Amino acid sequence: MGQLKGRKGTAWKREIKADDVFLSDPRESDMVVPIMGPSGSGKSTFINILIGQEVASVGHELQSHTAYIQHFTLLHPDYPNRRIVIIDTPGFDDSDIDDREILRRIAVWLARSYDARMRLAGIIYLHEITQPRMLGTSRKNLDMFTRLCGPEAIKNVILITTKWDELSSEGIGKLRESQLKGEHWKHMVEMGSRVHRFDGTQRLARRIVNYILAKQPIDAVQIQTELVQIGDLLAETEAGRTLRYTLQDLLKKQKAMSTKMRNSSEGDPSMHEKALALENEEKIRHTLKQIKELNIPLSRKITKFLGLVVGVIIFSSDSYQ
């Protein structure tokens, strides 16, 4: 078992909110298995089937039912004194929660578990095989997932396709699965990630988790290293920067839409046009708010720059001695 490195960063603790839920008794022997993926991909359903009872709220509408991080404990199949902690996470592009808040909730939970010396066994990532293409929400969730994990953790990732029973034919699913393996998931598979189809049975759900438990645990996923070991702010992490760039691109599209609306509604705009314009302006304000929360403070930038300069001076001085 790898050695957990020393912790030094505490800035992430300022991100903790009063309504965040965490284990009351975290243990160093705990093995954590986060379940991640877009909203509606079947994360809560997978957990309920795995555990054998309805413990996670399942949504049957378009909006997510996993607003907060939920955790569920199981006994380890080989070591009765060791717990498996299954984590149900919200997906990005949730209908009710902004992406910055979703990132904060996931990042804080992972940082707290790492700070408590809980071990991360591996990560399960779910994707609906009913999705014809990897666009929009699916693409964003995968991008954020890889930034949260980092390259070192990819070998402990299980990529699972769900909802095969909702396809009109298995042939369509096989074609999409092949496209995922050969394109969108190619790099991850090459780095050791495994791909499975989930058939909705408890037998397969437990086999997937047991496969993860048999692997060497991860010392830390990337965002745990960044927040707890390095001491980065959430905005300074790879996931934080990626989300900021994504939101900046979204803002450009929203502003372009606003300009198009103004140009197309010459004269006296209709009530419907006014409502659409107001809705888009609200979206712009909301996006700007998220971008502001992900901006790195100037004082932080100056401090980091000065630290870099001092490091270069010391290195140069040592080189000439």
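None of the values given here were measured: they were computed from a predicted structure.

Chemist: How should I be thinking about the overall build of the protein chain in this particular structure?
Modeler: For the protein chain, the helix and strand inventory stands at 10 helices and 7 strands. Counting across all 321 residues of the protein chain, residues that qualify as buried make up 45%. Within the protein chain, counting contacts between residues at least 6 apart in sequence, those at least 24 apart form 76% of the total.

Chemist: What exactly am I supposed to notice about the nonpolar core here?
Modeler: Soluble globular proteins: nonpolar side chains tend toward being buried together. Ranked by internal contacts, the top residues of the largest apolar core, which has 53 residues, are Leu 103, Trp 109, Ile 123 and Ile 223. It is helix 2 (residues 99-115) that provides the largest number of residues to this core, a total of 8 residues. Not counting residues up to four positions away in its chain, the partners in contact with Leu 103 are Phe 92, Met 144, Leu 148, Ile 223, Leu 234, Ala 239, Gly 240 and Leu 243. Judged by nonpolar contacts, the second largest core, of 23 residues, contains Phe 46, Ala 56, Ile 160 and Leu 213.

Chemist: Would you mind going over helix 1 (residues 43-51) with me for this structure?
Modeler: In an α-helix, one turn spans 3.6 residues; hence positions three or four apart end up facing the same way. In terms of burial, helix 1 is a largely internal element, 7 of the 9 residues being buried. Among the residues of helix 1, Lys 43, Ser 44, Phe 46, Ile 47, Asn 48, Leu 50 and Ile 51 are the ones counted as buried. The inward-facing, buried residues of helix 1 contact strand 1 (31-36), strand 2 (70-75), strand 3 (83-88), strand 5 (123-128), strand 6 (157-162) and helix 6 (202-213). Note on helix 1: the residue one or two positions beyond its end, Gly 52, has a positive phi of about 95°.

Chemist: Any chance you could explain helix 2 here in plain terms?
Modeler: Given a rise of 1.5 Å per residue, 17 residues ought to cover 24 Å, and the 24 Å separating the end C-alpha atoms of helix 2 matches this to within 8%. Taking burial as the measure, the 17 residues of helix 2 include 15 buried ones, the bulk of the element. Among the residues trailing helix 2, Arg 117 stands out with phi positive, at a value near 65°.

Chemist: Looking at this structure, how should I read the packing of helix 2 against helix 7 (residues 222-230)?
Modeler: Geometry of a packed helix pair, given as the angle between the helix axes and the separation of the axes. Where helix 2 contacts helix 7, the axes come no closer than 9 Å and their chain directions differ by 65°. By the angle between their axes, helix 2 is roughly perpendicular relative to helix 7. When the axes of helix 2 and helix 7 are compared, the crossing they make is right-handed. Each of Leu 103, Ala 107, Leu 110, Ala 111, Ser 113, Tyr 114 and Asp 115 in helix 2 lies in contact with helix 7, whose residues at this interface are Ile 223, Gln 224, Leu 227, Val 228 and Gln 229.

Chemist: Please explain the packing of aromatic side chains as it appears in this structure.
Modeler: Two aromatic rings are characterised by how far apart their centres lie and by the angle between their planes. Counting across every chain of the model gives 3 aromatic pairs. Seen from their ring centres, Tyr 125 and Phe 145 are 4.6 Å apart, and the 40° between their planes marks the pair as tilted. Pair noted here: Tyr 125 is in strand 5 and Phe 145 is in helix 3 (residues 136-149), with a separation of 20 residues, a long-range link. Each member of the pair Tyr 125 and Phe 145 is classed as buried. One Lys or Arg, Arg 82, reaches over the ring of Tyr 79 and ends 5.2 Å from the middle of that ring. A cation sits over an aromatic face here: Arg 197 above Trp 164, 4.2 Å from the ring centre.

Chemist: How do you make sense of the pairing of strand 3 when you look at a structure like this?
Modeler: Looking down a regular strand, the side chains alternate between one sheet face and the other. Of all 6 residues in strand 3, 6 are buried, a share of seventy percent or more. Pairing of strand 1 with strand 3, which is carried by 5 bridges, proceeds in the parallel orientation. Directly across from Ile 35, in strand 3, lies its bridge partner Asp 88.

What counts, and at which threshold
Residues numbered from 1 in each chain as written. Predicted model: local features only at pLDDT ≥ 70, side-chain atom pairs only at ≥ 80, totals over all residues. Heavy atoms only, no water. Helix = DSSP H or I, 4+ residues; strand = E, 2+ residues; numbered from the N terminus. Buried < 20%, exposed > 50% of the residue type's maximum accessible area, 1.4 Å probe, protein only. Contact = heavy atoms within 4.5 Å. Core = buried A, V, L, I, M, F, W, Y, C linked by side-chain atoms within 4.5 Å. Expected span 1.5 Å × (residues − 1). Axes fitted to C-alpha atoms, helices over the stretch in contact; angles between N-to-C directions. Parallel < 35°, antiparallel > 145°, perpendicular 65-115°, else oblique. Left-handed = near helix turned anticlockwise from the far one by under 90°. Phe/Tyr/Trp six-rings, centres within 6.5 Å; stacked < 30°, edge-to-face > 60°. Lys NZ or Arg CZ within 6 Å of the ring centre and 35° of its normal. Pairing = 2+ DSSP bridges.

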